[in-house]
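Structural characterization, general
Spelled out, the chains give:
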Amino acid sequence: MSRPPTPARPKKSLLPYLLLSPGLILLLGMLYPFFLGVYYSLTNYYLQYPHLFRFIWLQNYLKLLEDPLFSYSLKFTLSYALVAVVVQVGLGLAVAMLLNGRIIGRGVLRAMMLMPLMMPPVITALMWKIMMGSTKAGILNYLLSFLGLGPVNWLGAVNSAIVSVFIIDTWGNLPFVSLILLGGLQSLPSEPYEAARVDGAAGWGIFRYITLPLLKPFIILAATFRVMDSLRIFDVIYAATVGGPADATMNLHMRAFFYAFQWYQMGMGMAYAMVLLVLVFLASYFLMGYWKRAAEQTSL
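Quick look at the structure, then. (Residues numbered from 1 in each chain as written. Predicted model: local features only at pLDDT ≥ 70, side-chain atom pairs only at ≥ 80, totals over all residues. Heavy atoms only, no water.)

Quick word on the overall build of the protein
As a reminder of what qualifies: Think of it this way: any DSSP run of H or I at least four residues long counts as a helix, any run of E at least two long counts as a strand, and we number them from the N terminus. Radius of gyration here is computed from C-alpha atoms only, and the compact-globule reference equals 2.2 Å multiplied by the residue count raised to the power 0.38. Accessibility here uses a 1.4 Å probe with only protein chains present; expressed as a share of the type maximum, an area under 20% marks a residue as buried, one over 50% as exposed, and anything in between as partly exposed. Here, two residues are considered to be in contact whenever any of their heavy atoms come within 4.5 Å of each other. Reported accessibility uses the Shrake-Rupley method at a 1.4 Å probe radius. Residues are deemed covered only where the shown protein chains occlude them. Counted charges follow a simple rule, with Lys and Arg positive, Asp and Glu negative, and His plus the chain ends left uncounted. Think of each charge as sitting on NZ of Lys, CZ of Arg, CG of Asp or CD of Glu.
A count of helical and extended segments in the protein gives 12 helices and 0 strands. When the elements of the protein are put in sequence order from the N terminus, they spell out α-α-α-α-α-α-α-α-α-α-α-α. On C-alpha atoms alone, the protein measures out to a radius of gyration of 26 Å, which is more than a quarter above the 19 Å that the 2.2 N^0.38 rule sets for 300 residues. For the protein, the C-alpha atoms occupy an extent of roughly 95 × 70 × 30 Å along the three principal directions. Per-residue burial for the protein yields a buried fraction of 36% across its 300 residues. Residue pairs in contact within the protein that sit at least 24 positions apart in sequence constitute 66% of those at least 6 positions apart. For the protein, the exposed surface amounts to about 18,500 Å²; the carbon and sulfur share of it is 71%. Of the charged side chains in the protein, 20 are positive and 10 negative; the average position of the first set lies 8 Å away from that of the second.

See the structure below:
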């Protein structure tokens with residue numbers, strides 16, 4: 001009795017691998033500068049004195065712990081990111097709720113909301129820097145003069161410089177947060193709202209017990225993007241204050257830049273950069289885990 005023929009194995013197509021290859025090549029290309037940065041952070045590499053190059057292991061990181069400049073930069077980076085996320089997500093939710101309602105000129109307002117996103121952050125910072133002139137030549141101080149208020153040294157004093165950077169950053173990124181939350185509001189199911197109105201709920205009750213829980217994944221997603229951007233903000237600070245006055249707006253990213261490209265201490269600069277990278281990774285990792293749990297809860 002003859003054996004039945006063995007079915008031919010299907011040929012594996014190379015098309016999926018070819019389609020994935022550009023992304024894989026790009027990922028591998030991104031790993032090279034990362035490992036190079038880790039390597040330089042373990043050395044005493046000076047751009048001016050390459051002949052003194054030496055492997056010093058963790059000495060740069062130990063210097064960071066003893067450096068008061070690092071302590072302030074770390075505190076400023078974390079506190080700025082926390083305040084930025086809370087305020088910008090809160091304002092973004094308010095703007096999204098407004099634009100999701102039935103208001104006159106809603107389409108025009110939605111289009112105008114996108115205008116700050118069309119401008120590069122450096123141009124945005126320079127535009128606000130001109131408007132925040134310390135004398136009446138600045139339009140903001142000119143408007144304050146009508147209220148009987150003296151000129152504010154927006155970018156020249158410690159406290160006002162921090163507030164000014166925050167205002168510039170918020171103006172440029174609030175539309176992005178509002179856009180995410182507006183998309184979330186428009187994707188919410190209508191059945192829970194109809195059932196709540198039948199039960200007599202309205203206004204604040206509907207917002208607190210229906211809108212916020214259903215919108216939670218979108219809020220966390222917007223917060224994740226803003227945390228990552230706020231921790232590593234550079235262009236706005238550099239264009240507006242260059243880290244000043246008196247290092248008041250000097251975060252970890254600015255400090256890494258100054259060490260590496262102003263003071264030519266590439267090893268110490270890369271150590272600052274690695275600390276910042278760890279902070280961004282940890283924040284995004286925990287927030288994305290929180291987002292996944294929230295998305296699973298809302299889908300039940």
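Anyway, onward from the coordinates.
Thoughts on the packing of helix H3 (residues 68-100) against helix H7 (residues 158-187)
For clarity, the threshold we go by: Each axis is a line fitted through C-alpha atoms, and for a helix only the stretch in contact is used; angles between axes span 0 to 180 degrees, taken between their N-to-C directions. Oblique is the label for every angle not falling under 35 degrees (roughly parallel), over 145 degrees (roughly antiparallel), or within 65 to 115 degrees (roughly perpendicular). Crossing handedness follows the turn of the near helix against the far one: under a right angle anticlockwise gives a left-handed crossing, and clockwise gives a right-handed one. For this classification, Asp, Glu, Lys and Arg are treated as charged, while Ala, Val, Leu, Ile, Met, Phe, Trp, Tyr, Cys and Pro are nonpolar and the rest, including Gly, are polar.
With their axes 6 Å apart at the nearest point, H3 and H7 run at an angle of 45° to one another. Of the possible angle classes, the one that applies to H3 and H7 is oblique. Crossing geometry of H3 relative to H7 is assigned as right-handed. Of the residues assigned to the contact of H3 with H7, the class counts are 21 nonpolar, 7 polar and 1 charged.

Topic: the packing of aromatic side chains
Two aromatic rings are characterised by how far apart their centres lie and by the angle between their planes. The criterion, for reference: Between the rings of Phe, Tyr and Trp (Trp by its six-membered ring), a pair exists once the centres lie within 6.5 Å; its type follows the angle of the planes, with under 30 degrees stacked, over 60 edge-to-face, and the other angles tilted.
Scanning the model with the defined rule gives 27 aromatic pairs in all. Aromatic pair Tyr-46 and Tyr-49: ring centres 6.4 Å apart, planes at 55°, arrangement tilted. Judged by relative accessible area, which is 41%, Tyr-49 ranks as partly exposed. Feature note: the residues Phe-70, Phe-234, Tyr-238, Phe-257, Phe-258, Tyr-259, Phe-261, Trp-263 and Tyr-272 constitute an aromatic cluster, connected by ring pairs.

Digging into the side chain of Asn-141
This is how the line gets drawn: Each polar contact in these results corresponds to two N or O atoms within 3.5 Å; when the atoms are within protein, one needs to be able to donate a hydrogen and the other to accept it, and residues that are neighboring in sequence are counted only if both atoms are side-chain atoms.
Positionally, Asn-141 belongs in helix H6 (residues 139-145). Among the polar contacts listed, one links the side chain of Asn-141 to the backbone nitrogen of Val-152, at a separation of 2.8 Å.

Some remarks on unusual backbone geometry
Of note, the bond from Gly-244 into Pro-245 is cis; its omega dihedral lies within 30 degrees of zero at -10°. Tracing the chain through its elements places Pro-245 in the loop between helix H10 (235-240) and helix H11 (252-262). A positive phi angle is found at Val-242, which is not glycine, with a value near 55°. Assignment of secondary structure puts Val-242 in the loop between H10 and H11.

Details of a nonpolar patch on the surface
To keep things clear, this is the line we draw: For patch detection, residues must exceed 30% relative accessible area and be free of salt bridges, and they are connected within 9 Å for like charges or within 5 Å for nonpolar side chains (Val, Leu, Ile, Met, Phe, Trp, Tyr). Whenever a carboxyl oxygen of Asp or Glu lies within 4 Å of a side-chain nitrogen of Lys or Arg, that contact is scored as a salt bridge.
On the surface, Tyr-39, Phe-53, Phe-55, Trp-57, Leu-58, Leu-62 and Leu-65 cluster together to form a nonpolar patch covering roughly 770 Å² of accessible area. If you trace the backbone, Tyr-39 turns up in helix H1 (residues 15-41). What makes Tyr-39 partly exposed here is its relative accessible area of 39%.

Topic: the environment of Tyr-40
Secondary-structure assignment places Tyr-40 in helix H1. Tyr-40 sits 160 residues away from Gly-200 along the chain, and the two C-alpha atoms are 64 Å apart. If near-sequence neighbours (up to four positions away) are discounted, Tyr-40 is found in contact with Tyr-45, Phe-53, Asn-60, Met-266, Gly-267 and Met-270.

These figures capture arrangement, not role.
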